[in-house]
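Listed below are the residues making up each chain.
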Amino acid sequence: MFEGLRRIFRGLTEKISGKISKKTLTEILDEIFLELVECDVAYVVAEKIVEEIRLRYEERPFKNHNEVLNVLKEIILNILEKASNQNFINEITKHASKKKPVTIVFLGINGVGKTTTIAKIAKKLRDHGFKVVLSAADTYRAGAQEQIEYHAKKLNLPIIKHKYGSDPAAVAYDTVRYAENRGLDVVLIDTAGRMHTDIDLVNELKKIVRVVEPDFKTLVVDALTGNDALEQAKMFNEQVGVDNIVIAKMDADVKGGVALSLAYVIQKPIVFIGVGQKYDDLEKFDPQKIVSLIISEAK
Ligand SMILES: Nc1nc2c(ncn2[C@@H]2O[C@H](COP(=O)(O)OP(=O)(O)OP(=O)(O)O)[C@@H](O)[C@H]2O)c(=O)[nH]1
Ligand SMILES: [Mg+2]
């Protein structure tokens, strides 16, 4: 994870510790800008990083490695912290104390990791003592129901499903009723992956949202899709509304820019990152930890 960004900042640290001319600084920063963009850092975010470094250097040239590292850490932390802080489990606890069940609809394009993320979150909630039910509201993709049923069995959780081709909003609605009747705490609603440009499927999502009025609309994006993840987040937010975000497949992404881009541009809570295919491969999004992965002393 984050190897690309780590390499860029290591190189940069070497180049700007010590006295350099304004012209050299500009050349170095131009190069860094392009490297950042190649690592999936959105244009505006790369620009922000480079300008911050320039300002800080012009205020006071960096004397040594340590000074550079401290400034870079501060800049990156500021960007990551734009994703407002939200402790997912605390948030669910808070909601559940007022109204049960807490309902969460998962959104995202095909194959990003929605169903896997639901299973991981279901396990986490179950382990925290919440009574969880899964909703197989992907009635569209062949094999989708069997996939989420498999997780329900493995995790020993109830699941509500209808036939393939049936109305996903009806499945979601039935799951909420089921939870209400049994006093369950949390409903996790799986949905069919859809391109954000597919109007019919987006309308179907809107219908689910109208019918169940979820407490959270959680967008799942795939770290490997780079800048497209940002476009997806913008579109889903405009079309359906997004309350918080999970970045899946961080483990498979060597670049790392997507976390910076989403945090800075979308400014919604990033609640988890997916770091593998197993149930426990879901970590809290921790800006401090990410900064220490990205900015580290060369070894
Ligand atoms: N390495 C890695 N793989 C993941 C992660 N999350 C999901 N996957 C894998 O990504 C693939 C797609 O995951 P799904 O959960 O089926 O994705 P989906 O969004 O539900 O897909 P559709 O239902 O087809 O839209 C599977 O092979 C998962 O095992 C992750 O954090 N890391
Ligand atoms: Mg799925």
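Residues numbered from 1 in each chain as written. Chains lettered and ligands numbered in written order. Predicted model: local features only at pLDDT ≥ 70, side-chain atom pairs only at ≥ 80, totals over all residues. Heavy atoms only, no water.

K.L.:
So what exactly am I meant to see when it comes to the side chain of Gln145 here?
P.N.:
For Gln145, the location among the structural elements is in helix α7 (residues 144–155). What Gln145 contacts, discounting residues up to four positions off in sequence, is Ala136, Asp138, Thr139, Lys161, His162, Lys163 and Tyr164. (Helix = DSSP H or I, 4+ residues; strand = E, 2+ residues; numbered from the N terminus. Contact = heavy atoms within 4.5 Å.)

K.L.:
Whenever I open this one, helix α3 (residues 43–59) confuses me. Can you help?
P.N.:
Residue pairs three or four apart in sequence face the same way in an α-helix, which turns once every 3.6 residues. Between its first and last C-alpha atoms α3 spans 24 Å; for 17 residues at 1.5 Å apiece the expected length is 24 Å, and the two agree. Taken together, the buried positions of α3 are occupied by Val45, Ala46, Ile49, Val50, Ile53, Arg54 and Tyr57. (Expected span 1.5 Å × (residues − 1). Buried < 20%, exposed > 50% of the residue type's maximum accessible area, 1.4 Å probe, protein only.)

K.L.:
I would appreciate a short explanation of the site of ligand 1 in the present structure.
P.N.:
Taken together, the neighbourhood of ligand 1 is formed by 18 residues, with Lys114, Thr116, Arg141, Asp251 and Gln277 sitting nearest. Lys249 is positioned such that a nitrogen or oxygen atom in its backbone is 3.0 Å from an oxygen atom of ligand 1. Note that an oxygen atom of ligand 1 is positioned 2.6 Å from one of the side-chain N or O atoms of Gln277. Ranked by the residues each element gives to the shell around ligand 1, the list is headed by helix α6 (residues 114–127), at four residues. Counted by class, the shell around ligand 1 contains two nonpolar, 10 polar and six charged residues. (Near = heavy atom within 4 Å. Polar contact = N/O pair within 3.5 Å; in protein donor to acceptor, adjacent residues only side chain to side chain. Nonpolar A, V, L, I, M, F, W, Y, C, P; charged D, E, K, R; others polar.)

K.L.:
Help me out: how do you make sense of the packing of helix α2 (residues 22–38) against α3 in this one?
P.N.:
Working note: a packed helix pair is described by the angle between its axes plus the distance between those axes. The interhelical angle for the contact between α2 and α3, taken along N-to-C directions, is 155°, at an axis separation of 9 Å. The angle between α2 and α3 falls in the class roughly antiparallel. As α2 runs across α3, the sense of the crossing is right-handed. In contact with Lys22, Leu25, Thr26, Leu29, Ile32, Phe33, Leu36 and Val37 of α2, α3 contributes Tyr43, Ala46, Glu47, Ile49, Val50, Ile53, Arg54, Tyr57 and Glu58. (Axes fitted to C-alpha atoms, helices over the stretch in contact; angles between N-to-C directions. Parallel < 35°, antiparallel > 145°, perpendicular 65-115°, else oblique. Left-handed = near helix turned anticlockwise from the far one by under 90°.)

K.L.:
Got a minute to help me understand the domain arrangement of the protein in this structure?
P.N.:
For interface size, the figure often reported is the accessible area lost on association. On domain assignment, one finds that the protein holds domain 1 (3–80) and domain 2 (88–285). Here the C-alpha centre of domain 2 lies 36 Å away from the C-alpha centre of domain 1. Domain 1 puts 15 residues into the contact, and the matching count from domain 2 is 16 residues. Between domain 1 and domain 2, roughly 1,300 Å² of surface is buried when both sides are summed, and carbon and sulfur atoms account for 65% of that area. Three residues stand out in domain 1 for area buried against domain 2, namely Asp40, Ile79 and Leu80, and they jointly supply 41% of the buried area on that side. Across the contact surface, domain 1 and domain 2 share one salt bridge. (Domains from an automatic or database assignment. Buried area = accessible area lost by both parts, 1.4 Å probe. Salt bridge = Lys/Arg side-chain N within 4 Å of Asp/Glu carboxyl O.)

K.L.:
Help me out: how do you make sense of the sheet that holds strand β5 (residues 216–222) in this one?
P.N.:
The strands that make up a sheet are held in pairs by hydrogen bonds between backbone atoms, and each pair lies either parallel or antiparallel. Taken together, the eight strands give an open sheet; going across it, the order is β3-β2-β4-β1-β5-β6-β7-β8, and neighbouring strands pair in mixed fashion. Of all strands in the sheet, those with a lone pairing partner are β3 (159–160) and β8 (282–284), marking the two edges. Where strand β1 (residues 102–107) lies against β5, four bridges are found, and the strand directions are parallel. Its bridge partner lying in β5, Phe106 is registered against Thr218. Helix-sheet contacts for helix α5 (residues 88–98) involve β1, β4 (186–191), β5, β6 (244–248) and β7 (270–274), and the interaxial angle to β1 is about 135°. Across the sheet, helix α8 (residues 168–182) touches β1, β2 (132–137), β3 and β4, and the angle it forms with β2 is around 165°. (Pairing = 2+ DSSP bridges.)

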